[in-house]
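Here are the chains, one letter per residue:
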Amino acid sequence: MDPHCGWCFGYRKTITAFYDRVIKDSSIDFEIVTGGLFIPGKPGSPKFANDKRPIAERVQRQFGVEFSPAYFENVLAAPSVDSTPGCKAICASNILAESRSLYLSNAIIEAAFIDGQNISLPEVILEIAEEQGFDPDSFGEKMESQRVADDLGFNLDFAAEVRKGFPAVFVQDNKQNKLMHLGGSNLSVRDLGEAVDVYL
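Computed from a predicted structure; not experimentally measured.

Draft legend 1. Main features of the state of the cysteines. Applying the stated rule across the entire model yields 0 disulfides. Left without a disulfide partner, cysteine 91 is nearest to the cysteine sulfur of cysteine 87, which lies 6.8 Å away.

Draft legend 2. Representation of the packing of helix H5 (residues 84–97) against helix H6 (residues 101–113) within the structure. Where H5 contacts H6, the axes come no closer than 9 Å and their chain directions differ by 160°. With respect to H6, the axis of H5 lies roughly antiparallel. At the point where H5 passes H6, the crossing takes the right-handed sense. Of the residues in H6, those touching H5 at Gly86, Ala89, Ile90, Ser93, Asn94 and Ala97 are Ser101, Leu104, Ser105 and Ile108.

Draft legend 3. Structural detail: a negative patch on the surface. Together, Asp115, Glu123, Glu127, Glu130, Glu131, Asp135, Asp137 and Glu141 make up a negatively charged patch on the protein surface. Elements with a minimum of two residues in the negative patch: helix H7 (122–131) and helix H8 (136–143). Here the negative patch takes 4 residues from H7, the largest share from any one element. With respect to the helices and strands, aspartate 135 occurs in the loop between H7 and H8.

Draft legend 4. Here's a closer look at the packing of aromatic side chains. Applying the stated criterion to the full structure yields 14 aromatic pairs. Aromatic side chains phenylalanine 67 and phenylalanine 113 sit 5.3 Å apart centroid to centroid with 80° between the ring planes, which places their arrangement in the edge-to-face category. Pair noted here: phenylalanine 67 is in the loop between helix H3 (53–63) and helix H4 (69–76) and phenylalanine 113 is in helix H6, with a separation of 46 residues, a long-range link. Per residue, the accessibility class of phenylalanine 67 equals that of phenylalanine 113, and both read buried. With centroids separated by 4.8 Å and ring planes inclined at 45°, the aromatic side chains of phenylalanine 134 and phenylalanine 139 adopt a geometry described as tilted. On the basis of relative accessibility, which here comes to 1%, the residue phenylalanine 139 falls in the buried class. Through a chain of ring-to-ring contacts, the aromatic side chains of Phe9, Phe67, Tyr71, Phe72 and Phe113 assemble into a single cluster. When the ring centre of phenylalanine 72 is taken as reference, the NZ or CZ atom of arginine 53 above it lies at 4.0 Å. The residue whose ring lies beneath arginine 100 is phenylalanine 134, and the NZ or CZ to ring-centre distance is 4.0 Å.

Draft legend 5. Structural view of the side chain of serine 93. Among the secondary structure elements, serine 93 is positioned in helix H5. Dropping the residues within four chain positions of it, serine 93 is found in contact with Glu98, Arg100, Ser101, Leu104, Phe134 and Phe139.

Draft legend 6. Spatial organisation of the nonpolar core. Counting 53 residues, the largest nonpolar core has Phe67, Tyr71, Leu104, Ile108, Ile128 and Phe139 as the members making the most contacts within it. Excluding its chain neighbours within four sequence positions, the residues that come into contact with isoleucine 128 are Leu104, Ala107, Ile108, Ala111 and Ile119.

Draft legend 7. Broad picture of the pattern of salt bridges. This structure, assessed with the given rule, holds 5 salt bridges. Here glutamate 194 and arginine 190 are joined by a salt bridge, their closest N and O atoms 3.2 Å apart. Remark: arginine 190 and glutamate 194 occur in helix H10 (residues 189–199); sequence separation between them is 4 residues, near one turn of the helix. For glutamate 194, a relative accessible area of 39% corresponds to the partly exposed category.

Rules behind the numbers
- Residues numbered from 1 in each chain as written.
- Predicted model: local features only at pLDDT ≥ 70, side-chain atom pairs only at ≥ 80, totals over all residues.
- Heavy atoms only, no water.
- Disulfide = S-S within 2.5 Å.
- Axes fitted to C-alpha atoms, helices over the stretch in contact; angles between N-to-C directions.
- Helix = DSSP H or I, 4+ residues; strand = E, 2+ residues; numbered from the N terminus.
- Parallel < 35°, antiparallel > 145°, perpendicular 65-115°, else oblique.
- Left-handed = near helix turned anticlockwise from the far one by under 90°.
- Contact = heavy atoms within 4.5 Å.
- Patch = residues over 30% accessible without salt bridge, like charges linked within 9 Å, V, L, I, M, F, W, Y side chains within 5 Å.
- Areas by Shrake-Rupley, 256 points an atom, 1.4 Å probe, with all protein chains shown as cover.
- Salt bridge = Lys/Arg side-chain N within 4 Å of Asp/Glu carboxyl O.
- Lys, Arg positive; Asp, Glu negative; His and termini not counted.
- Charge placed at Lys NZ, Arg CZ, Asp CG, Glu CD.
- Phe/Tyr/Trp six-rings, centres within 6.5 Å; stacked < 30°, edge-to-face > 60°.
- Buried < 20%, exposed > 50% of the residue type's maximum accessible area, 1.4 Å probe, protein only.
- Lys NZ or Arg CZ within 6 Å of the ring centre and 35° of its normal.
- Core = buried A, V, L, I, M, F, W, Y, C linked by side-chain atoms within 4.5 Å.

As structure tokens, this is what we get:
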């Protein structure tokens, strides 16, 4: 996933319902892999924001979500649109408390798409992490650590290799010992649960 991905915004409730119902109290490993939609960052502008409105309309129709006007004004029309801070935060959470990474990613997404907070700014990301129960000082240090830099690089390489877009769901097939791509935002909670039964 990527914190700046509108489809991930629409799909967050489905993947969270699956996590809460199937994964949370099980022994199944679950990891959020960040994709780097805007890494390196790119200049934002009113034109860039308007160019994204057709995608937003498609997401709204499919998932019944609502993009805040402030998202277009404060996030996409900001001087820079950069996934790096949000992706680093999720990598840091994977190290510090992997079981909270999905909730942190949702909080970052909602801050942007619902509240119109500029998640391209590291200080905004740290405020969100603190609201999610992380100590901002130690979390900020972890975000800038070599471990996070290495993990982020691995994640970006993986996303570039599989080229499946965001969101994308994979499962490790224990029977054939290979990684299987299940699909993306088309997958229901039931689809995801059935995949766990088949492959694990």
